4 protein chains.
Amino acid sequence: MNPNLFSATVTTVNGDSFSVGDQTQLFSLQSTSKPIVYSLALKQHGTNYVHSRVGVEPTGEAFNSIIELEKQSHRPFNPMINSGAIATTSLIRSENGISKLQLIVNYISELAGRPLSIDTDIFNSERETAHRNRAIAHLMKHFDVMTSDIEETLDNYFNQCSILVTTQDLATIAATMATQGRQPMTNKQLITPDHVTKTLSLMFTCGMYDTAGEWAFKVGLPAKSGVSGAIFVVVPGKFGLAVYSPKVDDHGHSVRGRLLVERLVQELDLNIFSLGTIQ
Amino acid sequence: MNPNLFSATVTTVNGDSFSVGDQTQLFSLQSTSKPIVYSLALKQHGTNYVHSRVGVEPTGEAFNSIIELEKQSHRPFNPMINSGAIATTSLIRSENGISKLQLIVNYISELAGRPLSIDTDIFNSERETAHRNRAIAHLMKHFDVMTSDIEETLDNYFNQCSILVTTQDLATIAATMATQGRQPMTNKQLITPDHVTKTLSLMFTCGMYDTAGEWAFKVGLPAKSGVSGAIFVVVPGKFGLAVYSPKVDDHGHSVRGRLLVERLVQELDLNIFSLGTIQ
Amino acid sequence: MNPNLFSATVTTVNGDSFSVGDQTQLFSLQSTSKPIVYSLALKQHGTNYVHSRVGVEPTGEAFNSIIELEKQSHRPFNPMINSGAIATTSLIRSENGISKLQLIVNYISELAGRPLSIDTDIFNSERETAHRNRAIAHLMKHFDVMTSDIEETLDNYFNQCSILVTTQDLATIAATMATQGRQPMTNKQLITPDHVTKTLSLMFTCGMYDTAGEWAFKVGLPAKSGVSGAIFVVVPGKFGLAVYSPKVDDHGHSVRGRLLVERLVQELDLNIFSLGTIQ
Amino acid sequence: MNPNLFSATVTTVNGDSFSVGDQTQLFSLQSTSKPIVYSLALKQHGTNYVHSRVGVEPTGEAFNSIIELEKQSHRPFNPMINSGAIATTSLIRSENGISKLQLIVNYISELAGRPLSIDTDIFNSERETAHRNRAIAHLMKHFDVMTSDIEETLDNYFNQCSILVTTQDLATIAATMATQGRQPMTNKQLITPDHVTKTLSLMFTCGMYDTAGEWAFKVGLPAKSGVSGAIFVVVPGKFGLAVYSPKVDDHGHSVRGRLLVERLVQELDLNIFSLGTIQ
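Cut-off values and rules
- Residues numbered from 1 in each chain as written.
- Chains lettered and ligands numbered in written order.
- Predicted model: local features only at pLDDT ≥ 70, side-chain atom pairs only at ≥ 80, totals over all residues.
- Helix = DSSP H or I, 4+ residues; strand = E, 2+ residues; numbered from the N terminus.
- Rg over C-alpha atoms; globule rule 2.2 N^0.38 Å.
- Buried ≥ 20, exposed ≤ 12 C-beta atoms within 10 Å, placed from the backbone.
- Contact = placed C-beta atoms within 7 Å.
- Nonpolar A, V, L, I, M, F, W, Y, C, P; charged D, E, K, R; others polar.
- Pairing = 2+ DSSP bridges.
- Least-squares fit on C-alpha atoms with pLDDT ≥ 70 in both.
- Axes fitted to C-alpha atoms, helices over the stretch in contact; angles between N-to-C directions.
- Parallel < 35°, antiparallel > 145°, perpendicular 65-115°, else oblique.
- Left-handed = near helix turned anticlockwise from the far one by under 90°.
- pLDDT = per-residue confidence, 0-100.
- Expected span 1.5 Å × (residues − 1).
- Bend = angle between axes of the 7 residues up to and from the residue.
- Core = buried A, V, L, I, M, F, W, Y, C linked by C-beta atoms within 7 Å.

J.: Give a description of the overall build of chain A that names residues and reports values.
T.: Counting secondary structure elements, chain A contains twelve helices and seven strands. In terms of overall dimensions, chain A is globule-like: its C-alpha atoms have a radius of gyration of 17 Å, near the 19 Å expected for 279 residues. For chain A, the C-alpha atoms occupy an extent of roughly 50 × 40 × 35 Å along the three principal directions. Counting the 279 residues in chain A, one finds 61% classified as buried.

J.: Break down the arrangement of the chains for me, with residues and values.
T.: Chain B makes no contact with chain C; the smallest distance between any of their C-alpha atoms is 12 Å. With no contact between them, chain A and chain D keep their nearest C-alpha atoms 11 Å apart.

J.: Can you explain the interface of chain B and chain A? Please cite residues and give values.
T.: Opposite the 33 residues of chain B that make contact, chain A presents 33 residues. Going through the elements one at a time, helix H9 (193-206), helix H10 (212-218) and helix H12 (275-278) of chain B are the ones with two or more residues in the side of chain B that touches chain A. Of the residues forming the side of chain B that touches chain A, the biggest block, nine residues, is contributed by H9 of chain B. Its residues assigned to classes, the side of chain B that touches chain A comprises 16 nonpolar, 13 polar and four charged.

J.: Could you give an account of the pairing of strand E7 (residues 239-244) of chain B, naming the residues involved and the relevant values?
T.: Residue and element names in this part refer to chain B. Counting buried positions over the six residues of E7 gives six, a clear majority of the element. Burial along E7 is two-sided: Phe 239, Leu 241 and Val 243 and Gly 240, Ala 242 and Tyr 244, pointing in opposite directions, are all buried. Sheet topology note: the strand E1 (residues 7-12)/E7 ladder contains six bridges and is antiparallel. The partner of Ala 8 across the bridge, within E7, is Val 243. Where strand E6 (residues 230-235) lies against E7, six bridges are found, and the strand directions are antiparallel. Directly across from Ile 231, in E7, lies its bridge partner Val 243. Between the end of E6 and the start of E7, which pair antiparallel, lie three residues, with Gly 237 showing a positive phi angle near 80 degrees.

J.: Give me the environment of Cys 206 of chain B: which residues, what numbers.
T.: Residues and elements named next belong to chain B. Following the sequence through the fold, Cys 206 ends up in helix H9. For Cys 206, a count of 31 C-beta atoms within 10 Å corresponds to the buried category. It is 7.4 Å that separates the C-alpha atoms of Cys 206 and Glu 57, two residues lying 149 residues apart in sequence.

J.: Break down the relation of the copies chain B and chain A for me, citing the residues and quoting the values.
T.: Take chain B, turn it by 180 degrees, move it 0.0 Å along the axis, and it overlays chain A with an RMSD of 0.0 Å. One copy is carried onto the other by what is essentially a two-fold rotation axis. When you check the interface residues of chain B against chain A, 100% turn up at the interface there too, and the contact is symmetric in its surfaces.

J.: I'd like a description of the packing of helix H6 (residues 131-142) of chain A against helix H6 (residues 131-142) of chain C, backed by residues and values.
T.: Between H6 of chain A and H6 of chain C, whose axes approach to 7 Å, the crossing angle comes to 165 degrees. Regarding the angle of H6 of chain A to H6 of chain C, the classification is roughly antiparallel. The way H6 of chain A lies across H6 of chain C gives a crossing that is left-handed. Side by side, H6 of chain A and H6 of chain C meet where His 131, Arg 132, Arg 134, Ala 135, His 138, Leu 139, Lys 141 and His 142 of chain A of the first sit next to His 131, Arg 132, Arg 134, Ala 135, His 138, Leu 139, Lys 141 and His 142 of chain C of the second. Residue composition of the contact of H6 of chain A with H6 of chain C, grouped by class: four nonpolar, six polar and six charged.

J.: Can you explain the sheet that holds strand E5 (residues 223-226) of chain C? Please cite residues and give values.
T.: Residues and elements named next belong to chain C. The five strands are arranged E2-E1-E7-E6-E5 in an open sheet whose pairing can be described as antiparallel. The sheet is open, and its two edges are formed by strand E2 (17-21) and E5, each paired on a single side. The mean angle between the axes of side-by-side strands here comes to 10 degrees, regardless of whether they run parallel or antiparallel. Of the pairings in the sheet, the one linking E5 to strand E6 (residues 230-235) comprises four bridges and is antiparallel in character. By the bridge assignment for E6, Gly 226 is matched with Ala 230. Each of strand E1 (7-12), E6 and strand E7 (239-244) is contacted by helix H11 (residues 255-268), which is oriented at about 150 degrees to E7, the strand it contacts most.

J.: Let's hear about the sheet that holds strand E7 (residues 239-244) of chain D: which residues, and what values?
T.: All names here are of chain D. Spatial strand order, E2-E1-E7-E6-E5: five strands in an open sheet with antiparallel pairing. Across the chains shown, the open sheet's two edge strands, defined by having one partner strand only, are strand E2 (17-21) and strand E5 (223-226). When strand polarity is set aside, the average angle formed by the axes of neighbouring strands in this sheet is 10 degrees. Direction of pairing for strand E1 (residues 7-12) relative to E2: antiparallel, over a ladder of five bridges. Within E2, the residue paired with Ser 7 across the bridge is Gly 21.

J.: Quick rundown of the confidence of the model for chain A? Include the residues and the values.
T.: For chain A, per-residue confidence averages 92 on the pLDDT scale, and residues scoring 70 or more make up 94% of the total. Note on the complex model: pTM 0.90, ipTM 0.92.

J.: Could you give an account of the packing of helix H1 (residues 33-53) of chain C against helix H4 (residues 100-112) of chain C, with specific residues and numbers?
T.: Residue and element names in this part refer to chain C. At a minimum axis distance of 10 Å, the contact between H1 and H4 shows a crossing angle of 110 degrees. Put simply, H1 runs roughly perpendicular to H4. Each of Ile 36, Val 37 and Leu 40 in H1 lies in contact with H4, whose residues at this interface are Ile 104, Tyr 107, Ile 108 and Leu 111. For the contact of H1 with H4, the residue count by class is seven nonpolar, no polar and no charged.

J.: Before we move on, can you summarise helix H9 (residues 193-206) of chain A with the specific residues and values?
T.: Residues and elements named next belong to chain A. Given a rise of 1.5 Å per residue, 14 residues ought to cover 20 Å, and the 20 Å separating the end C-alpha atoms of H9 matches this to within 8%. Among the 14 residues of H9, twelve are classified as buried, and the element is accordingly described as predominantly covered. Listing the buried residues of H9 in full gives His 195, Val 196, Thr 197, Lys 198, Thr 199, Leu 200, Ser 201, Leu 202, Met 203, Phe 204, Thr 205 and Cys 206.

J.: Quick rundown of H1 of chain C? Include the residues and the values.
T.: Since one α-helical turn is 3.6 residues long, residues separated by three or four positions face the same way. Residue and element names in this part refer to chain C. The end-to-end C-alpha distance of H1 is 19 Å, clearly below the 30 Å that 21 residues give at a rise of 1.5 Å each. Along its length, H1 reaches its greatest deviation from straightness, about 110 degrees, at Gly 46. Residues of H1 that are buried: Ser 33, Lys 34, Pro 35, Ile 36, Val 37, Tyr 38, Ser 39, Leu 40, Ala 41, Leu 42, Val 50 and Arg 53. Residues of H1 that are buried make contact with helix H3 (82-91), H4, helix H7 (150-161), helix H8 (167-178), helix H9 (193-206) and E5.

J.: Can you explain the nonpolar core? Please cite residues and give values.
T.: Among soluble globular proteins, nonpolar side chains are generally buried collectively. Counting 322 residues, the largest nonpolar core has Ala 174 of chain A, Ala 174 of chain B, Ala 174 of chain C together with Ala 174 of chain D as its most contacted members. Dropping the residues within four chain positions of it, Ala 174 of chain A is found in contact with Thr 11, Phe 232, Val 233, Val 234, Gly 240, Leu 241 and Ala 242 of chain A.

J.: Describe in detail the environment of Thr 176 of chain B, supporting the description with residues and values.
T.: Residue and element names in this part refer to chain B. By secondary structure assignment, the location of Thr 176 is in helix H8 (residues 167-178). When the 30 C-beta atoms within 10 Å are taken as the criterion, Thr 176 is described as buried. Along the chain, Thr 176 and Ile 191 lie 15 residues apart, while their C-alpha atoms are 8.3 Å from each other. Excluding its chain neighbours within four sequence positions, the residues that come into contact with Thr 176 are Leu 111, Gly 181, Arg 182, Gln 183, Pro 184, Leu 190 and Ile 191.

Following this line, the structure appears as structure tokens:
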């Protein structure tokens, strides 16, 4: 990818939207799909069932760590790391003859407000090289924390990561979370407020992996990054923000994206625990 | 301690206060002193210096873990676990001829709005049995993350943990954090808003140790518990809450305290990411 | 398996052989195949190449641990645990049009002194349930410590584990190691003395997994156990011993096999560091 | 220390002795004292009691690791690493009014065949800087695996590490182990054969710390190194070898000492599992 690509969109809870940069540029969701599919799992199964399979604790380990699975309960620590996200995707069930994958695509499309598609080249590439994710899936199968078919689950997971969006799409999804689940353009309540609260909570404590603490400390807003260079941030009650710039740091976060969010939060005093927010 | 003891106080940002139960019962701060002394360290040294010595990441380990210190940077993960709290206390410096310990007592007294004292029996008991904390201190000395005198630092730490308060005192401290640093009775600005934000952020992600994620998920408010049976919770912009009941669970959290907070948050819709809060 | 089955054979360096119990009972090699195939890898590639892929250190972890692979070099700790054994099997190359698997079977047959065969039911059963071994293989592929085809390698590994032997066969293999590589019945030098020394060294320090230290302490002889209930022991310069009894303990060692070996070593003063051995 | 210092001594089971280099040079025992004091603990308490306090397994961690103590049983893995050696020293009891330390000095002197003394400068220096060992001691006290007084135990441990010897002394101690406990000059049986066997077994599997496996693989003889630059090696039934050269590698082993031992073992075919040894 051209490392100079850059795009950012703010979408308010009223549905107003402002973009700068390469705003038509498509990129794959990658890990930004994790909290979204997690909210779909909550919708299908409720909080209790989902969290009988995956925990809610930050790990202190990298996003793709396999170590934690050998420890204690063998349940993935949380749905924001690879193991927990694969376990979450494995829970999605087909409805009314619509396949699991189609359900995921439909759900994310409705959140974004337009039909989204999958980049099959990205899907094929991930599928061939994802030995670590395969290792994770087999280990979860071994520990009986994943009961679905491994190949189907991994295919669904690689497909959800390969869904193409713009920052406009991702900001609309973030804005839907900022309104506690009401899509700001269609006004449809797509997620229940309680499920949004749960999703934002996990994004806040675990969304930025082993730098989640630092993010909470410096930014203080629920966010999720993807290795494609995307970050989306939810400012509850106010707006959703999405940034895209492909150059990522050692933790897999967009370098420019991170700088923009940190700057914006500081200038607008958006930290969830700061004065600007609580008054 | 009598396990049936129970006390709870709410103090609003306007200084109004409501208590129930054994409201005159004194108990020692224990780990609830950690975020308070942390805010004093920020006041004396600023954020950058303090965090050159102690991190901001949740650990996934228990509050008294020593394992993490052997890993990577040897810097304690955060100021809410024992290693990080001892490192934080080691940073407090005397001012104008006032000893480090007296400064800590004065600072917490000013936050509580009345002069507090130390339970020397508790101090002596902790001092004699704290082999794990001594191990932590020596290991930090070995790694040069703690440069102060070990015995003096541990004595100050055990003393800060042995300061006696009521839920009224602790709720006032919490309310001071809820106003971004203005003590609601004296109207003095005792902590800068930025330092309150930092303190609340660390309480949110790390305050409840290896159940911090679960607490954020279920309660969604900055809080800190102490093994004496105390929990204090900050509802930013609204009120501070303190609960005391001596029976603690395996993680060192007050059993009744936890139940009360979970119930209250649900009934009043106080989760920081929920509708009641953001509108 | 009938837990009352029991068989033991001693084969001396002169080729004399004594058996007791169910001596015609066939059982699968399982992990006792690991040091044997390791010696074949040494023959094909030499010590340096083999150990560029797999280490020589005991782990302190269980035989099927995956944790160690995430740490440091990502190279399996040693060829006696599953990860290292799969990596070792992946190194075997076909020769003169003979397939890798056939080469392994031929080699072990020559050591045992008769043609051995594979139990396909056991092979199929292992193949279907071995999610942990699959996880290990994918993780090694991810870290580039295994470069061969995963499915082919795992099939070869499951097949080598499913080779059927009697204690007579296994004792002959052990006796071949006791003579520094000369098969005592055929007098063929099947392994070079240096490769035998290397193999015995790894059996001694790592052969009994996380109880290797205890085994060295109590028994003091190179040995390898398999989860089928087999143990073979090498008394250098004297004889090979094989025991079979299907009931295994928590570490995967035959309960009766272990007792017999411990008793025999004590009565005959066979510990490699004891008086009987060194004089 | 002058890194060019070098001394080596071989002492046979008959008491013949050959030295090269700076053979009068004194150096402190450091960790080479560990197996020696361990054999004294066996003499005073027997194998079962000693190993109710300290294990027999190699760790895969560095010599001064504290991590393992937090895991599982909290018992140190083995007597060759710092935690296990401190625990072992804590078991030594005074006899007939002779202090614990004096007993240790007397015992090692009798093994060496001459009265040894302690370098108090080294002792004082270790005592002041040993924060990691203090951390280990406090953690063992916390877990109740060490019940003796911490300061007295550490003082005894630092003193035993500060005993001054020549390679001649250390080779005589090694030769005493090579004869299964009979001091080759005085012909006194100072250690029982069984305790020698136990000591050699632990030196073999754990004596060279996290390179114990590599040492067993390349050298194949029981050995122990000290950070002062000393290594002693036991060739059971044949001779004891001691080398001293102060430059140590990252693992704390003498660089030249290691090279000399590796060369000698290869040329004389001394590996315990090799042809030269077993025939």
